Amino acid sequence: MTVLLSCPLGFQVNRCEPRLITPAKPTPYETKLLSDIDNQQGLRFHVPFIMSYKNNPSISSKQNDPVEMIIDALSRALEFYYPLAGRLREVQNKKLVVDCTGEGFLFVEANAKITLDELGDAILPPCPFLDEFLFNVPGSDGILGSPLLLIQVTRLSCGGFIFALRLNHTMCDTFGLVQFLKAVGEIAQGKDAPSSPPVWERQLLNAREPPIISCTHHEFDDTIDPLCLKSSATIQRSFCFGPNEIKALKDHLPPHLSTCSSTFEVITACVWKCRTISLEMNPKQIVRLSCTVNALGKHNNVFLPPGYYGNTFAYPAVVSTAERLCNSPLGYAVELVKKSKAKMSEDYLRSMADFAEIRGRPPLAMKGMSDFIVSDNTRTGLGGIDFGWGKPVYAGVAKSIDLISFYVRKTNKEEKYEILVPLCLPLSSMERFQQEFKKMISLDKVEMSSYICNSY
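(A) Quick look at the overall build of the protein. In terms of regular secondary structure, the protein is built from eleven helices and 19 strands. By the compact-globule yardstick of 23 Å for 456 residues, the protein fits well, its C-alpha radius of gyration being 22 Å. Taken along the three principal axes of its C-alpha coordinates, the protein extends 65 × 55 × 40 Å. For the protein, with 456 residues in total, the buried portion stands at 56%. In the protein, the proportion of contacts linking residues at least 24 apart, taken out of those at least 6 apart, comes to 80%. By element, 52% of the accessible surface of the protein is carried by carbon and sulfur atoms, the whole surface being about 19400 Å². For the protein, the distance from the average position of its 48 positive side-chain charges to the average position of its 48 negative side-chain charges is 3 Å.

(B) Quick look at the side chain of Thr170. The topology assignment puts Thr170 in the loop between β10 (161-168) and α4 (174-188). At a separation of 2.6 Å, a polar atom in the side chain of Thr170 contacts the side chain of Asn168. Among residues more than four places away in sequence, those in contact with Thr170 are Leu34, Asp38, Leu43, Arg44, Leu88, Leu96, Arg202 and Asn311.

(C) Looking closely at the packing of aromatic side chains. Counted by the stated rule, this structure contains 16 aromatic pairs. Ring centres of Tyr81 and Phe180 lie 5.2 Å apart, and the angle between their planes is 70°; on these two criteria the pair is classed as edge-to-face. Placement of Tyr81 in the loop between α1 (66-77) and β6 (87-90) and of Phe180 in helix α4 is noted, with a sequence separation of 99 residues between them. Here Tyr81 and Phe180 have matching classes, each one buried. Plain terms: the ring middles of Phe313 and Tyr315 are 5.8 Å apart, the flat faces sit at 70° to each other, and that makes the pair edge-to-face. For Phe313, a relative accessible area of 10% translates into the label buried. When its relative accessible area of 4% is taken as the criterion, Tyr315 is described as buried. Clustering of aromatic rings is evident, with ring pairs tying together Tyr53, Phe161, Phe163, Phe387 and Trp389.

(D) Spotlight on the nonpolar core. Core analysis: the biggest nonpolar cluster contains 146 residues, and Phe163, Phe180 and Phe241 have the highest contact counts within it. Setting aside residues up to four positions removed in sequence, Phe163 forms contacts with Phe49, Ile50, Met51, Tyr53, Ile70, Ile151, Gln152, Val153, Leu181 and Phe387.

(E) Local environment of the packing of helix α7 (residues 263-278) against helix α11 (residues 427-440). Packing of α7 against α11 leaves a shortest axis separation of 8 Å and a crossing angle of 135°. Between α7 and α11, the crossing angle belongs to the class labelled oblique. Relative to α11, α7 is oriented so that their crossing is right-handed. For the pair α7 and α11, the contacting residues are Cys270, Val271, Lys273, Cys274, Arg275, Ile277 and Ser278 in the first and Ser429, Arg432, Phe433, Glu436, Phe437 and Met440 in the second.

(F) Looking closely at the sheet that holds strand β12 (residues 286-291). Sheet architecture is open: six strands sit in the order β11-β19-β18-β16-β12-β15, paired in mixed fashion. Of all strands in the sheet, those bounded by a partner on one side alone are β11 (235-241) and β15 (317-321). Here the average twist between neighbouring strands, direction ignored, is 20°. Alignment of β12 against strand β16 (residues 371-376), held across four bridges, turns out to be parallel. What sits directly across from Cys291, in β16, is Val374. Sheet contacts for α7: β11, β12, β15, β16, β18 (404-409) and β19 (419-425); angle to β19, the most-contacted strand, approximately 20°.

(G) How the structure looks around the state of the cysteines. The full count for this structure, using the stated rule, is zero disulfides. No disulfide involves Cys291; its nearest neighbouring cysteine sulfur is the one of Cys270, lying 14 Å away. Classification of Cys291 as buried rests on a relative accessible area of 0%.

(H) Structural detail: the pattern of salt bridges. Under the criterion given, the structure shown has 23 salt bridges. Here Arg202 makes a salt bridge to Asp38, at a shortest N to O gap of 2.8 Å. Highlighted residues: Arg202 in the loop between α4 and β11 and Asp38 in the loop between β4 (30-33) and β5 (46-53), separated in sequence by 164 residues. Taken as a pair, Arg202 and Asp38 share a single burial class, namely buried. For Glu265, the salt bridge identified is with Lys338, shortest N-O distance 2.8 Å. In this pair, Glu265 is assigned in helix α7 and Lys338 in helix α9 (residues 330-342), connecting sequence segments 73 residues apart.

(I) Highlighting the pairing of β12. The buried fraction of β12 amounts to five of the six residues, a majority that puts the element mostly inside the structure. With five bridges joining them, β12 and β15 adopt antiparallel strand pairing. Across the sheet, residue Ile286 finds its bridge partner in β15, namely Thr321.

(J) Highlighting the side chain of Arg155. The topology assignment puts Arg155 in strand β9 (residues 149-156). On the accessibility criterion, Arg155 (18% relative accessible area) is buried. A polar side-chain atom of Arg155 sits 3.1 Å from a polar atom in the side chain of Asn111. If we ignore the near neighbours within four places in the chain, the residues touching Arg155 are Asp65, Pro66, Val67, Glu109, Ala110, Asn111, Ala112, Gly160 and Phe161.

(K) Highlighting helix α5 (residues 243-250). Here α5 has its buried residues at Ile246, Ala248 and Leu249. Down the axis of α5, the smallest arc covering the buried residues is 160°, so these residues share one side. Along α5, the residues that are exposed and aim more than 90 degrees away from the buried face are Pro243, Asn244 and Lys247. Buried positions along α5 lie against β11, α7, α9 and α11.

Basis of the calculations
Residues numbered from 1 in each chain as written. Predicted model: local features only at pLDDT ≥ 70, side-chain atom pairs only at ≥ 80, totals over all residues. Heavy atoms only, no water. Helix = DSSP H or I, 4+ residues; strand = E, 2+ residues; numbered from the N terminus. Rg over C-alpha atoms; globule rule 2.2 N^0.38 Å. Buried < 20%, exposed > 50% of the residue type's maximum accessible area, 1.4 Å probe, protein only. Contact = heavy atoms within 4.5 Å. Areas by Shrake-Rupley, 256 points an atom, 1.4 Å probe, with all protein chains shown as cover. Lys, Arg positive; Asp, Glu negative; His and termini not counted. Charge placed at Lys NZ, Arg CZ, Asp CG, Glu CD. Polar contact = N/O pair within 3.5 Å; in protein donor to acceptor, adjacent residues only side chain to side chain. Phe/Tyr/Trp six-rings, centres within 6.5 Å; stacked < 30°, edge-to-face > 60°. Core = buried A, V, L, I, M, F, W, Y, C linked by side-chain atoms within 4.5 Å. Axes fitted to C-alpha atoms, helices over the stretch in contact; angles between N-to-C directions. Parallel < 35°, antiparallel > 145°, perpendicular 65-115°, else oblique. Left-handed = near helix turned anticlockwise from the far one by under 90°. Pairing = 2+ DSSP bridges. Disulfide = S-S within 2.5 Å. Salt bridge = Lys/Arg side-chain N within 4 Å of Asp/Glu carboxyl O. Arc of directions from axis to C-beta.

See the structure below:
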């Protein structure tokens with residue numbers, strides 16, 4: 001059956017019935033344990049990604065259907081990544097295992113009467129057509145007992161296509177996903193096996209014996225009262241940071257910071273401060289910032305075998321009062337961002353696993369608007385995924401998720417490096433955020449003092 005959908009731009013999407021993609025050959029029927037990093041309650045959600053590809057006339061007419069080629073490559077890649085074709089189950093002490101049943105993951109084939117040029121920036125986060133390009137198959141979005149991936153490939157009238165995907169985050173992070181998609185791309189282009197064989201070995205990131213909480217984990221501190229808004233209605237918008245915006249922000253910093261602060265640190269400081277001002281909270285409210293940091297960075301001394309595709313990051317948090325963050329120069333926020341990143345080490349990652357083991361895998365305490373989580377997805381390698389049509393025009397997370405902002409590249413072109421920050425806020429706060437953002441990136445080097453207006 002084909003379902004016909006109409007979208008605000010005036011184009012139609014013809015969607016076929018969802019089907020399951022299973023491994024091309026029989027795979028081991030077994031149960032595999034996830035790591036104590038994978039097992040965290042804070043990772044039990046789905047992340048949507050979207051990628052756009054141009055038509056490639058060089059592909060022979062007999063092999064130019066992206067749907068059939070990608071389905072075949074996915075099925076063959078699952079021979080090696082067969083846990084992704086299984087189902088999650090919770091066992092004793094809230095631990096997760098994946099039953100490698102070979103049931104497969106969901107795939108949706110679709111066609112849309114629109115071109116990439118006509119879509120334009122609508123493909124960027126927050127993508128207004130995500131529901132059309134990534135159909136939420138009823139009953140598929142659970143964490144336990146559901147397909148671990150949902151993929152939709154939508155052919156466009158220009159010959160290009162949209163590749164959209166939803167990932168159960170407990171199975172892997174973006175780097176692990178990229179490893180799998182690279183394998184799919186290699187097989188789609190003629191290889192018999194991935195150049196980097198997958199490695200499970202999730203026990204390498206289990207809690208120590210005995211477990212020891214050796215670091216402070218503000219992200220799990222439930223004694224901090226989060227700001228909960230009376231209205232839950234929020235909107236999403238993205239904010240673009242190019243060379244001019246970065247330069248303007250660095251002009252707000254003292255010399256010792258402007259010369260040694262990364263683009264990520266400056267952007268995060270700006271967004272966190274503007275966001276806090278926009279929410280007009282009690283000056284004494286404790287605000288938290290958590291930066292996701294990959295443990296495999298060169299400074300963190302976490303060594304895992306090549307091919308490991310589980311979650312390998314932590315989200316160390318820093319705290320401040322809203323009053324101090326809003327009324328201090330931008331450099332104060334930059335210093336806190338640096339502090340969050342500097343917390344990451346092998347000991348911090350092990351301590352986080354031990355914390356989960358000792359405390360019974362509690363959820364993240366960051367659950368109010370006074371909390372903010374950022375994840376840099378600009379260098380994950382997603383922009384290098386080639387199924388035979390070349391690199392994608394855009395590749396990244398499709399939207400922000402509640403308190404989490406995923407930084408993505410606006411375009412895959414090296415010569416035009418701009419970063420998009422999707423943000424989720426109440427409507428009135430979003431308007432104030434835009435005003436503060438404009439002040440922050442103005443050419444005026446004298447930082448304007450901000451204060452919090454509140455009704456407390």
